[in-house]
Amino acid sequence: MYTKSVAQLIEGLRGREFSSAELTRGYLDRIAALDSQYNSFISVDENAAMAAATAADERLASGDAAALTGIPIAHKDIFCTDGMRTSCGSRMLDNFVPPYDATVIQRFKTAGAVMLGKTNMDEFAMGSSNESSFYGPAYNPWDTKLVPGGSSGGSAAAVAGLLAPAATGTDTGGSIRQPAAFCGITGLKPTYGRVSRLGMVAFASSLDQAGPMAHSAEDCALLLNAMAGHDPLDSTSSNTATEDYCATLNNSLEGLRIGLPAEYFGEGLDSTTGECISGALRELEAQGATLVNVSLPHSALTIPTYYIIAPAEASTNLSRFDGVRYGYRCDDPVDLHDLYTRTRGQGFGDEVKRRILVGTYALSAGYYDAYYKKAQQVRRLIKQDFMDCFEQVDIIAGPTTPGPAFAVGAKTNDPVSMYLEDVYTLAVNLAGLPGMSVPAGFVDNKPVGLQLIGRHFDESRLLNVAHRFQQATDWHLRTPDAIARGVA
Ligand code: GLN
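The structure presented is a predicted model; accordingly, all values stated were derived computationally and were not measured.

## Looking at the site of the ligand
With respect to spatial proximity, 15 residues lie near the ligand, and among them Thr172, Gly173, Ser175, Tyr306 and Asp422 are the closest. Tyr307 has a polar side-chain atom sitting 3.4 Å from an oxygen atom of the ligand. Of the residues assigned to the shell around the ligand, the class counts are 5 nonpolar, 7 polar and 3 charged.

## Description of the nonpolar core
Counting residues in hydrophobic clusters, the biggest one holds 148 residues, and the most contacted among them are Leu68, Phe108, Phe124, Phe386, Met436, Leu452 and Leu463. If we skip the residues at most four places from it in the chain, Leu452 touches Ile395, Ile396, Ala397, Pro434, Gly435, Met436, Val438, Leu462, Val465 and Ala466.

## A word on the packing of helix H4 (residues 103-110) against helix H7 (residues 217-227)
Taken N-terminus to C-terminus, the directions of H4 and H7 make an angle of 110 degrees; their axes are 8 Å apart at the nearest point. With respect to each other, H4 and H7 are oriented roughly perpendicular. When H4 is examined against H7, the residues Val104, Arg107 and Phe108 are found in contact with a partner set consisting of Leu223, Ala226 and Met227. Looking at the contact of H4 with H7, its residues break down into 5 nonpolar, no polar and 1 charged.

## Quick word on the pairing of strand S6 (residues 209-214)
Of all the 6 residues making up S6, 6 are buried; the element is thus mostly covered by neighbouring parts of the structure. Of the pairings in the sheet, the one linking strand S5 (residues 186-189) to S6 comprises 2 bridges and is antiparallel in character. Residue pairing in the sheet places Thr186 in a bridge with Ala214 of S6.

## Observations concerning H7
By the criterion of burial, H7 is predominantly enclosed, with 9 of the 11 residues buried. Inspection of H7 places Ala217, Asp219, Cys220, Ala221, Leu222, Leu223, Leu224, Ala226 and Met227 among the buried residues, and these make up the whole buried set. Once H7 ends, the next one or two residues include Gly229, with phi positive near 135 degrees.

## Structural notes on the pairing of strand S3 (residues 114-119)
For S3, the tally of buried residues reaches 5 of 6 residues, placing the bulk of the element in the interior. As paired strands, strand S1 (residues 41-43) and S3 are joined by 2 bridges and run antiparallel to one another. Each residue of the ladder has a partner; that of Phe41, found in S3, is Thr119. For strand S2 (residues 72-76) and S3, the ladder comprises 5 bridges, and the chain directions are parallel. Each residue of the ladder has a partner; that of Pro72, found in S3, is Val114. For the segment spanning S2, H4 and S3, crossover handedness is right-handed.

Reading guide: rules and limits
Residues numbered from 1 in each chain as written. Predicted model: local features only at pLDDT ≥ 70, side-chain atom pairs only at ≥ 80, totals over all residues. Heavy atoms only, no water. Near = heavy atom within 4 Å. Polar contact = N/O pair within 3.5 Å; in protein donor to acceptor, adjacent residues only side chain to side chain. Nonpolar A, V, L, I, M, F, W, Y, C, P; charged D, E, K, R; others polar. Core = buried A, V, L, I, M, F, W, Y, C linked by side-chain atoms within 4.5 Å. Buried < 20%, exposed > 50% of the residue type's maximum accessible area, 1.4 Å probe, protein only. Contact = heavy atoms within 4.5 Å. Axes fitted to C-alpha atoms, helices over the stretch in contact; angles between N-to-C directions. Helix = DSSP H or I, 4+ residues; strand = E, 2+ residues; numbered from the N terminus. Parallel < 35°, antiparallel > 145°, perpendicular 65-115°, else oblique. Pairing = 2+ DSSP bridges. Right-handed = clockwise from strand over helix to strand, strands pointing away.

The structure is reproduced here in structure tokens:
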């Protein structure tokens, strides 16, 4: 049952092979038995999950089921959940119980899904390894000595470890795609504005976007159908019409032009990872696609640009955590200044403090033009590079990450080497484009992800290419050995 896709589970529920209560109970039992190894969940409310499953079974019995009725789904702990703690991986929000649901959560409820729990993540989504979480690292089910990637590391580990059939994540600079790559699952970061940000704790508002994480492109399409669409309560959500993302999955790839940016295949790319990507590209070629060499000439500027803009936006977004409104408050403050400084000093972890310092500096009078304004200008050039490529090609492909998952602790004392993990993913957020990571092979039993980047609002094309690739390959169907042997 736990190796079934969401699409298969939907059929099983409708065919009365099993009930949502049985399915949900089964996943909850797996979480209880196995999550001490992965630490992929921060909060699980078994009673709420079982009540939702029972309600879903009634809905299924009455013939009034919605698309995902009865399907258990895990949500990143960045989405506000009415009545259930939403920590964002931080001590600052360890005690925060929101009075409302994020639009994403609301939409999954409307689609009939059952929330299994809230998944572990880097603190305020800042990180590439899930090691900055106040709740401790999550671990990669392929090898628990490895990180699962971040910041949506808990979601990726939960899906890879078969503790949830699918999950939500958010991606500001790679946080859906990179953990998907490290854990051998499929993840989609939609176009900026495709999915509502209402009720998603803000990191960098011009970059943040929520998306699905699952085993296959087909499952991501099923989830995106539930998530996507305009939200009158989020002024940055788009009015562009949504599509049925399942309808075009099987389209032929004949004549598809795939751009390969020289900058994504050069120095810094692990050679075996590169071979996996080449193998995947040969498969797409065999299906009728043409490979075209392209260039993204400003690629070298993406890391510095992102690490001005994202911390700048984070420093303003995180100013609301002051010990007054909600969240953590220090004990016995002597005055207001003491309240602010000790609350923030104790409530935030090191990486978050580093970002607030960098961001505040970049936005300060005298430096604003030199840093923030300049970064915005370079951001425009980075976006223009992609627009120029899309004159010649339909999608862009390359590796998701420079190499496979690294060991827990390997980069915690070297923030810059951690930042380099996102060298191939950040530009996609700066340009607001949709991007995906698709399992494409292994390096020493560690999964490798193929990244696909599309035109704005062309999610259906990315899902189509990924689905056709998955019809011809089985990388996405492999599960970690311990799980296959039944010992995890
Ligand atoms: N790793 C990047 C960072 O630390 C991206 C994180 C994300 O996408 N949320 O900012």
